[in-house]
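Remarks on the overall topology
Next come the chains, spelled out residue by residue.
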Amino acid sequence: MEQANAVRQDGETKAGILAHLEGLEAQMNRSCKRSEELQRTQAEESALGIKIRELRCLRDKLRAEVNQRRARAKASSASVEPDQTVGIGEQEVLERKQESVKAVLQAYRFTGLSGKLTSRGVCICISTAFEGNLLDSYFVDLVIQRPLWIHHHSVPVFIPLEKIAAKYLQTDIQRFLFSLCEYLNAYAGRKYQADRLQGDFAAFLTRPLHRNSLCNLLLFTYKVEQMRQSSFCARLLYEDLTATLPTDTTVTYQGTEALSTSMEEQRASHEALFRTKPLHQVFASFAKEEELDLSLAS
Amino acid sequence: MSQKSFQEIHHADSAGWESSKAPRSHLRHLEAELSFLSMLTGFNITHYSKKTEDPTSAEMTEESIKKVLQRHRLSGSCHVVMFQLEFQILEIQNKENLSSVITDLSIVMEPTEYSELNEFVSSFPLACPSAMVLLTCNSPKEMEPADHGLKPLKPAEERRDLFMFFRGLHFFVEWYEYRKRTFKHFKDKYPDVVHLPEGPCSRCMGIHSASCPGFELMIVWRIQIDEEGKVSPLLDLLTKIPQRALELDKNRVIETAPLCFRTLLRVLGIEAAVESLIRLLQTGNA
C-alpha cells in the first residue's frame, strides 16, 4: 500500500517538483521579461531625455533670435542703419540735430549772403533781389591765407570788386562782403528796371533804350498820350553805384510844336518822378493814366 | 555655438559704433560751417522751417505753368537785435524760365529797451497791405515823432525786399555799435566834461565844463534809414548858453554853431570833430 502511496506520492512529488520548476522557470522568464522591459523603457527614457534637452536648446536659441529680430525691427523704424543693437537712441538724436543744422545752413541764402566751406577757404554766394523779385546770384571764392585772396568769382567786370577788396578785404571781411552786396544788389535793381522798361513798356519808347553795362546811364525817348509829333528825351544818371534811384535826371522836350505850359509842367513833373520812383513804376503810372483817360473818353 | 553667437553680436556692436562715429564727425563739420557763416555774416540764425503748398490754380494745367508756394519761417539775432521773419515765396515755372517772387513778408523784432530800433523797424519799407510790423518792447517808450532825418513808413510802397532788410539791419547795427563805442571812448577820456544822458546806448552826448558854467553843447547822433534801405548817420549840435552870453555874442557864433559843426564833420570826420569841440569847451575858449 505504501508503495502505491509512495508511487502515488512520488508521482505527485515528481509532478510537484516539475511544476515547481516550471513555475520557477516561468517566474524567471517573467522577471527576465520585466527586466528587459525595464531596460527598454530605461533606454527609451534616456533617449527621450536627450531629445528633450536638444529641443530645449533649440527653443532657447529661437527665442533669442526672435528677440534680436524684434529689437532690430524697432531700431530700423527709428533710424536708417538697423544693424546695431546698441546706441540706437543716440543715432536718432544725432540725425535730428544734423537735419536742423542743415536747414539753418540753407536758410542763410535768405539773408542774401551764404557760403560753403571749401578745402582752402570759403565760397560765398551773394544773392540779389529788387522789390521782392529774386534775381541773379554771384559767387566769390576766397582762399583763407595771409593775405586773403580771391581765387575766382562771377562778379561782372564793371563792378569795382578790386577797389572794394583793396579797401576792406584784409581788414574787415564782413565789411567787404556787405559792401559788395550793396553794389551787386543796386546793379541788379537798375538792370531790372531797365529790362522792365524795354520789355513791358516798349510801346512808349520811340527809339530803343540806350544803356551801359553798369546800367547807371540810361537814355531814352518816349511819348505819352496827347503827344503826336513831339516826345520827351530822358537822361538818367546814377552816380551812386549803391543806389537804385538816379542822382541826376534830365527830361528835354523834343518836337516841332511849341512847348505849351501844360507840356512844360508835364516835363518838370516827369523829371521829378524819375528821380523819386523806380523807372518801371513811373511808366506803369503813365499806362494807368492812359487807361483811365481811355475809359473816361469812351 | 554660444561662442559664435557672442562673436556675431560683438561684431554687430562694433560695426554699429563705428558707423555712428561718422555721423558725429559729419555733424561737427556742419556745426563748424554754421558757426563760420554766423561769424562771417554777423547773423546768427537759430531756427528755420519751411512748408510747401501747391496753390490750386485753374491756369496751372492749361498753360503748363507750374506754381509752387512756400512758406518760410526764420528767426535769429544780429548783436542785440532779435528778429523773426515769416515770408512766402512764389515760384512760377513756365516754358522759358523760373521766377521767384517774395509775395509776403512780415517782420517781428525784439529791440529790448532801445527805442531807436523801434524806429528802425517802423521806418523800414515794407509791403502793404499784407505785411505787418509788430513790436515787442520790454519797457515801452513813446515813439518819437518823425524827425526831419527819418522818412516815415510809406504804406504805398511795395517793397518786399528781404535782402534789403538784412543789409539794413547789418549797417544799422554797425552804426549803432560804432556810436556806442565812440561815445564811450569820449566818456572814458573826459569823464568830467562828457556825460551821456540816456545811458551807454545814448543817442546824444553832452559836453559841459566847470570852467564855463551854464554852457552846454549837446551832440545828437541819429541813425537814419532811407527808402532804399540805406543807413547813414545824422549828427547835430545843440547849444545851451546863458542869456547874457547870447547877448554878448555879436558875431552870432552860437547861431551858426550847428552849421559849422556839420562842416567840421565833413572835414575832420566824426571823432576828430567831437574831440575838437570837447577841447574847445575844456580850455574855456567858448
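Think of each chain on its own: its residues are numbered from 1, step by step along the sequence as written. Just so you know, chain letters begin at A and ligand numbers begin at 1, following the order they were written in. Where local features are concerned, this predicted model is filtered to residues with pLDDT of at least 70; where side-chain atom pairs are given and counted, the filter is 80 or more; whole-chain, interface and lining totals use all residues. Where side-chain values are given, they derive from all heavy atoms of the structure, hydrogens and water being excluded.

With an unreviewed UniProt entry as reference, chain A is termed Centromere protein O, source organism Fukomys damarensis. UniProt, in its Sequence similarities (unreviewed entry) section for chain A, records the words "Belongs to the CENP-O/MCM21 family." UniProt positions are given in the numbering used here, feature names are shortened, and annotations may be inferred rather than shown by experiment.

Every case where a carboxyl oxygen of Asp or Glu lies within 4 Å of a side-chain nitrogen of Lys or Arg is listed as a salt bridge. Taken as a whole and assessed by the stated rule, the structure comprises 19 salt bridges over all chains. Note that D248 of chain A is salt-bridged to R235 of chain A, the shortest N-O span being 3.9 Å. Placement of D248 of chain A in strand β8 (residues 248-254) and of R235 of chain A in strand β7 (residues 231-237) is noted, with a sequence separation of 13 residues between them. Type-normalised accessible area, obtained with a 1.4 Å probe on protein chains alone, sets the label of each residue: buried when under 20%, exposed when over 50%, and partly exposed for intermediate values. Residue classification places R235 of chain A among the partly exposed positions, given a relative accessible area of 35%. Residue R262 of chain B pairs with D236 of chain B through a salt bridge whose shortest N-O separation is 2.6 Å. Pair noted here: R262 of chain B is in helix α6 (residues 253-268) and D236 of chain B is in strand β9 (residues 231-240), with a separation of 26 residues, a long-range link. Strands here mean DSSP runs of E at least two residues long; helices mean DSSP runs of H or I at least four residues long; both are numbered from the N terminus.

When a protein is soluble and globular, its nonpolar side chains tend to lie buried together. To define a nonpolar core, start from buried Ala, Val, Leu, Ile, Met, Phe, Trp, Tyr and Cys residues and group those joined through side-chain atoms within 4.5 Å. Core analysis: the largest hydrophobic core is formed by 67 residues, its most contacted members being L180 of chain A together with L74 and L85 of chain B. Among the domains, domain 1 (70-181) and domain 2 (189-297) of chain A are the pair contributing at least three residues each to this core. Whether two residues are in contact is decided by their heavy atoms, any of which lying within 4.5 Å being enough. Ignoring sequence-local partners within four residues, the contact set of L180 of chain A consists of I126, V140, V155, I159, L161 and I164 of chain A. In this document the domain limits rely on a domain assignment from an automatic tool or a database.

The next subject is the packing of aromatic side chains. Residue and element names in this part refer to chain A. Only rings of Phe, Tyr and Trp enter the pairing, Trp through its six-membered ring, and a pair is recorded when the two centres are within 6.5 Å. The plane angle decides the type: under 30 degrees is stacked, over 60 is edge-to-face, the rest tilted. Inspection of the entire model under this criterion finds 28 aromatic pairs over all chains. Geometrically, the ring pair formed by F220 and F274 is edge-to-face, given 5.8 Å between the ring centres and 85° between the ring planes. Here F220, found in strand β6 (residues 217-222), pairs with F274, found in helix α5 (residues 261-276); they are 54 residues apart in sequence, far enough to count as distant. Each of the two residues, F220 as well as F274, counts as buried. Here Y222 and F232 contribute two aromatic rings whose centre-to-centre distance is 5.8 Å and whose plane-to-plane angle is 55°, an arrangement assigned as tilted. In this pair, Y222 sits in strand β6 while F232 sits in strand β7, placing the two residues 10 residues apart along the sequence.

A separate point is the interface of chain A and chain B. Contact with chain A, which involves 52 residues of that partner, is made by 49 residues of chain B. A combined buried area of about 4700 Å² lies between chain A and chain B, and 66% of that area is made up of carbon and sulfur atoms. What gets called buried area is simply the loss in accessible area from a 1.4 Å probe that two parts show on being joined, summed for both. On the chain A side of the contact with chain B, Y108, F110 and F178 of chain A bury the most area, a combined 16% of that side's loss. Along the contact surface separating chain A from chain B lie 2 salt bridges. Identification of polar contacts relies on pairs of N or O atoms within 3.5 Å, with a donor-acceptor requirement for protein atoms, meaning one able to donate a hydrogen and the other able to accept it, and with residues adjacent in sequence counted only if both atoms are side-chain atoms. For the interface between chain A and chain B, the tally reads 10 residue pairs in polar contact (both at pLDDT 80 or more). At 11 residues, helix α2 (residues 88-107) of chain A tops the list of elements feeding residues into the side of chain A that touches chain B.

This next bit is on the packing of helix α3 (residues 161-169) of chain A against helix α4 (residues 173-200) of chain A. Residue and element names in this part refer to chain A. Axis definition: a line fit to C-alpha positions, over the contact stretch in the case of helices; interaxial angles, taken between N-to-C directions, run 0 to 180 degrees. Packing of α3 against α4 leaves a shortest axis separation of 8 Å and a crossing angle of 155°. By the angle between their axes, α3 is roughly antiparallel relative to α4. The two elements α3 and α4 meet at a crossing, and its hand is right-handed. From α3, L161, I164, A165, Y168 and L169 reach across to α4, where they touch I173, R175, F176, S179, L180 and Y183. Oblique is the label for every angle not falling under 35 degrees (roughly parallel), over 145 degrees (roughly antiparallel), or within 65 to 115 degrees (roughly perpendicular). Take the far helix as the reference: if the near one is turned anticlockwise from it by less than a right angle, the crossing is left-handed, and if turned clockwise, right-handed.

Before going further, it helps to examine the pairing of strand β3 (residues 133-143) of chain A. Residue and element names in this part refer to chain A. Pairing of strand β2 (residues 121-130) with β3, which is carried by 9 bridges, proceeds in the antiparallel orientation. The residue of β3 that forms the bridge with S127 is S137. With antiparallel pairing between neighbouring strands as the criterion, β2 and β3 make up a hairpin whose turn holds 2 residues, including E131 at a positive phi of roughly 55°. Pairing between strands requires that DSSP locate at least two bridges from one strand to the other. Pairing between β3 and strand β4 (residues 149-153): 4 bridges, direction antiparallel. By the bridge assignment, V140 is partnered in β4 with H153. Joining the antiparallel neighbours β3 and β4 is a turn of 5 residues.

Residues and elements named next belong to chain A. At the junction of R146 and P147, the peptide bond is cis and its omega measures out at 0° in the coordinates. Counting through the fold element by element, P147 comes out in the loop between β3 and β4. For E131, which is not a glycine, the phi torsion comes out positive at approximately 55°. Within the secondary structure, E131 is located in the loop between β2 and β3. By relative accessible area, E131 is classed as buried at 9%. A positive phi angle is found at C215, which is not glycine, with a value near 55°. Turning to its location among the elements, C215 is positioned in the loop between β5 (210-211) and β6. Classification of C215 as buried rests on a relative accessible area of 2%.

Residues and elements named next belong to chain A. Residue count minus one, scaled by 1.5 Å, sets the expected span of a helix. In this model α5 runs 23 Å from its N-terminal to its C-terminal C-alpha over 16 residues, within 8% of the 22 Å that 1.5 Å per residue would give. Inspection of α5 places M263, R267, H270, E271 and F274 among the buried residues, and these make up the whole buried set. Down the axis of α5, the sector holding all buried residues measures 100°, keeping them to one side. Residues of α5 that are exposed and angled more than 90 degrees away from the buried face: T261, E265 and T276. On its buried face, α5 is in contact with β6, β7, β8 and α6 (279-297). Of all possible arcs, the one meant is that of the directions from the helix axis to the C-beta atoms.

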